[in-house]
There are 2 protein chains.
Amino acid sequence: MSDPEIAIVGAGLIGRAWAYVFARGGLTVRAWDPDTATLDRLPAEMAAMVAEAGGDPAIARRIRPVASLEATLEGAALVQENGPERLEVKRELFARLDAAAPPDTILASSSSALPASAFSADLPGARRCLVAHPVNPPHLIPVVELCPSPATAPEMMDRAEAIYARVGQVPVRLSREIEGFVLNRLQAALLAEALRLVDEGVCTVQGLDDTVKHGLGRRWAFMGPLETISLNAPQGVPDYMRRYGPTLGRLADDAARGAAFSAAVADRIAAAFPHSATPDGVRARSAWRDSELAALDSHLKTRAEKDR
Amino acid sequence: MSDPEIAIVGAGLIGRAWAYVFARGGLTVRAWDPDTATLDRLPAEMAAMVAEAGGDPAIARRIRPVASLEATLEGAALVQENGPERLEVKRELFARLDAAAPPDTILASSSSALPASAFSADLPGARRCLVAHPVNPPHLIPVVELCPSPATAPEMMDRAEAIYARVGQVPVRLSREIEGFVLNRLQAALLAEALRLVDEGVCTVQGLDDTVKHGLGRRWAFMGPLETISLNAPQGVPDYMRRYGPTLGRLADDAARGAAFSAAVADRIAAAFPHSATPDGVRARSAWRDSELAALDSHLKTRAEKDR
């Protein structure tokens, strides 16, 4: 079988990061954007991105901007859609993609909040539509959540999973549609409690982040929370549950709810991070974050190699 | 001022790790345990621990087992108590410590679940009692939660904070007593939702851990959850809250509660981790975890140096 070809639809920040991921994985990428200026800038921006990451310049040459959506889709095994996160826009875009793409092409949306059924349920090709939710930025954080709609064919999920894994991402397959998928559900649960503790003055913003980055996050960065608890009692998980389940259950019952996401606590957190006061500050600190993510990814890959 | 001296009370797994932390930080450590066999084994165990970590053999020589509790406490600036996590035991032990220790000695308990008021409220020296909750193992995970009782003197908190910081730990100071402190409250909130998602079959155990270790945990390992959100909208945290607060709030409202900590889900998770079926398996995998924690700590320290 020949290598799958990839179509990127929407060449903004996330679209370009996806283009990089697939091209870095050796695949040929065609990219389209409704904005021709965005398309015109693409080759230079991809070359700069590859250079900054210290990658082979050939990676950028595998990414080609294409002026027509139809020509972009032709022969593509998978379309990665990165349009604006607005339901009407996604609906219209998916109708267009479904009408123009070859019948077996996978149509995957980067949507972080809209379930696939919301924009594909009525399409003739609903069976090949799904969400492939990345974490920003996908070329530095490998997980991608694959969430089907009730109409998505398991065979399409299988093929999508294989393509993402092939380019070095870590696909996590959901069995059914659920709001927030997995990652944002976990994030929301922890964040709510974090916001509440800071809002009530139990600890400072810095103290909260320290508790995670110098504590909880250390184990979660290479094991995840479930393997973590598998090691926290001599007889494994059932032993852990007997010892700590009642206490943890009480804490979960008492955990903060949605009301914790308030404007007041947002101001309090913003005050602790002067960088976040301006878009330039956010951009500069995000560049620092990305260099740390790249270094961490490289560290974790080296350790995983060693284990093999 | 001369260097503070440290007394370790209870020389089991956590007590030995604390002894190592303080001695590695250059301080003189005396250790006591009610079990004389445990005390007799201590020098050899500390030497082995230091050797395994590739540390200076002088570290182990700064740790001295002492047969009498009173002699252990003499001249100590801080007592780190590591007795069994049972209220009656802690109560009796703290009464003994308070009666025997010099009046300005800090009495800090490693308790992960008992608040300081529960075992010190009635003591004459309640003002110098607090919880200093480590994460296992404290010589590889630097956070230590400092939680006062209503009677604890701020000055005692200040001095404890300075001592932990001096030996390279990251003290997080709580303003008041709260069940689960900060770390386990955050852990419980995330774990409940994780257990529910696995229990309902939304994703596999492996998929859940992948979502964290190849996703969420990547940023939390060096930034924490609050700095993470400070970078996730162009205008900072208030912007983030306006964009994503309503969705995250809905997810938090819908997040799993204490009932998620069930025996059934424990069995399901245990089945995914064959190592956790026996104490030997847990021990072997814990040794792997500790080597990964040490490597990650060293990676993060190198990056933090670079930033300075």
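What counts and what doesn't
- Residues numbered from 1 in each chain as written.
- Chains lettered and ligands numbered in written order.
- Predicted model: local features only at pLDDT ≥ 70, side-chain atom pairs only at ≥ 80, totals over all residues.
- Heavy atoms only, no water.
- UniProt positions renumbered as here; feature names shortened; annotations may be inferred.
- Least-squares fit on C-alpha atoms with pLDDT ≥ 70 in both.
- Core = buried A, V, L, I, M, F, W, Y, C linked by side-chain atoms within 4.5 Å.
- Buried < 20%, exposed > 50% of the residue type's maximum accessible area, 1.4 Å probe, protein only.
- Contact = heavy atoms within 4.5 Å.
- Helix = DSSP H or I, 4+ residues; strand = E, 2+ residues; numbered from the N terminus.
- Pairing = 2+ DSSP bridges.
- Axes fitted to C-alpha atoms, helices over the stretch in contact; angles between N-to-C directions.
- 1 Å grid on protein atoms, 1.4 Å probe; cavity = no way out; pocket = protein on both sides within 12 Å on 5 of 7 lines; lining within 4 Å.
- Points joined across faces, edges and corners; volume = space filled by probe spheres on them.
- Nonpolar A, V, L, I, M, F, W, Y, C, P; charged D, E, K, R; others polar.
- Salt bridge = Lys/Arg side-chain N within 4 Å of Asp/Glu carboxyl O.
- Buried area = accessible area lost by both parts, 1.4 Å probe.
- Polar contact = N/O pair within 3.5 Å; in protein donor to acceptor, adjacent residues only side chain to side chain.
- Expected span 1.5 Å × (residues − 1).
- Bend = angle between axes of the 7 residues up to and from the residue.
- Parallel < 35°, antiparallel > 145°, perpendicular 65-115°, else oblique.
- Left-handed = near helix turned anticlockwise from the far one by under 90°.

As recorded by an unreviewed UniProt entry, chain A carries the name 3-hydroxyacyl-CoA dehydrogenase and is attributed to Paracoccus sphaerophysae. Reading the Sequence similarities (unreviewed entry) entry of the UniProt record for chain A gives the comment "Belongs to the 3-hydroxyacyl-CoA dehydrogenase family."

It is worth spelling out the relation of the copies chain B and chain A at this point. Each copy superposes on the other: chain B lies on chain A with an RMSD of 0.0 Å after a rotation of 180° and an axial shift of 0.0 Å. The two molecules are tied by a two-fold rotation axis, judged by turn and shift.

Considering soluble globular proteins, one finds that nonpolar side chains tend to be buried as a cluster. Membership of the largest hydrophobic core comes to 142 residues, with the highest contact counts inside it found for A:L226 and B:L226. Not counting the four nearest positions on each side in its chain, A:L226 is found in contact with B:L191, B:A194, B:L195, B:V198, B:V205, B:L208, B:D209, B:I269 and B:F273.

Let us now look at the UniProt feature "domain: 3-hydroxyacyl-CoA dehydrogenase NAD binding" (unreviewed entry) in chain A. Per the UniProt annotation, the sites labelled "domain: 3-hydroxyacyl-CoA dehydrogenase NAD binding" (unreviewed entry) are residues 6–176 of chain A. The distance separating the terminal C-alpha atoms of residues 6–176 of chain A is 25 Å; by composition the span is 41% helix and 20% strand.

Right, let's talk about the sheet that holds strand β6 (residues 129–134) of chain B for a bit. Note: strands within a sheet are paired through backbone hydrogen bonds, in either parallel or antiparallel orientation. Residue and element names in this part refer to chain B. Taken in spatial order, the eight strands make up an open sheet running β3-β2-β1-β4-β5-β6-β7-β8, and their pairing is mixed. Every other strand in the sheet has two partners, leaving β3 (63–65) and β8 (170–173) as the edge strands with one partner each. For this sheet, the mean angle separating the axes of adjacent strands, direction not counted, is 25°. Taken together, the four bridges between strand β1 (residues 6–9) and strand β2 (residues 29–32) define a ladder with parallel strand orientation. Following the sheet pairing, V9 is matched in β2 by W32. Contacting β2 and β3, helix α2 (residues 36–52) crosses the sheet at an angle of about 160° to β3.

What follows is about empty space enclosed by the protein. The tally for this structure, following the rule as stated, stands at one cavity of 30 Å³ or more. Estimated volume of the largest cavity: approximately 50 Å³. The wall of the largest cavity is formed by A:A189, A:A252, A:A255, A:A256, A:R257, B:A189, B:A255, B:A256 and B:R257. Residues belonging to the lining of the largest cavity are distributed by class as follows: seven nonpolar, no polar and two charged.

Taken as a whole and assessed by the stated rule, the structure comprises 48 salt bridges over all chains. For B:R185, the salt bridge goes to A:E193, with nearest N and O atoms at 2.6 Å. Separated into two different chains, B:R185 in helix α8 (residues 183–199) and A:E193 in helix α8 (residues 183–199) make up a pair that spans both. Across the pair B:R16 and B:E45 runs a salt bridge, and its minimum N-O distance is 3.3 Å. Residue B:R16 is found in helix α1 (residues 13–24), and its partner B:E45 is found in helix α2; the two are separated by 29 residues along the sequence. Residue B:R16 is classed as buried on the basis of its relative accessible area of 18%. Counted as one network, the salt bridges with shared partners bring together A:R176, A:R185, B:E193, B:R196, B:E200 and B:D254.

As a further point, take the interface of chain B and chain A. Facing the 112 residues of chain B at the interface are 112 residues of chain A. Buried surface at the junction of chain B and chain A, both sides included, amounts to about 10200 Å², of which 67% is carbon and sulfur. Of all residues in chain B, B:R218, B:F222 and B:L226 bury the most surface against chain A, accounting for 7% of the area lost on that side. Between the two partners, chain B and chain A, sit 14 salt bridges. For A:D254, the salt bridge identified is with B:R185, shortest N-O distance 2.6 Å. In this assembly, chain B and chain A are joined by 30 residue pairs in polar contact (both at pLDDT 80 or more). When contributions to the side of chain B that touches chain A are tallied by element, the ones reaching two or more residues are β7 (143–148), β8, α8, α9 (205–220), α10 (224–230), α11 (237–253), α12 (263–272) and α13 (279–307) of chain B. Take the side of chain B that touches chain A: its biggest share by element is 17 residues, from α13(B).

Take α2(B) next. All names here are of chain B. The end-to-end C-alpha distance of α2 is 25 Å, a good match for the 24 Å that 17 residues give at a rise of 1.5 Å each. Remark: the principal bend of α2, roughly 45°, maps to L42, with a proline, P43, within the next four residues. Considered for burial, the residues of α2 that qualify are T38, L39, L42, M46, M49 and V50. Packed against the buried residues of α2 are α1, β2, α3 (58–61) and β3.

Moving on: the packing of helix α1 (residues 13–24) of chain A against helix α2 (residues 36–52) of chain A. All names here are of chain A. Between α1 and α2, the shortest axis-to-axis distance is 11 Å and the interhelical angle comes to 60°. If you check the angle between α1 and α2, you find them oblique. The interaxial crossing formed by α1 with α2 has right-handed handedness. Counting all contacts with α1, which are made through R16, A17, A19 and Y20, the residues of α2 involved are L42, E45, M46, M49 and V50.

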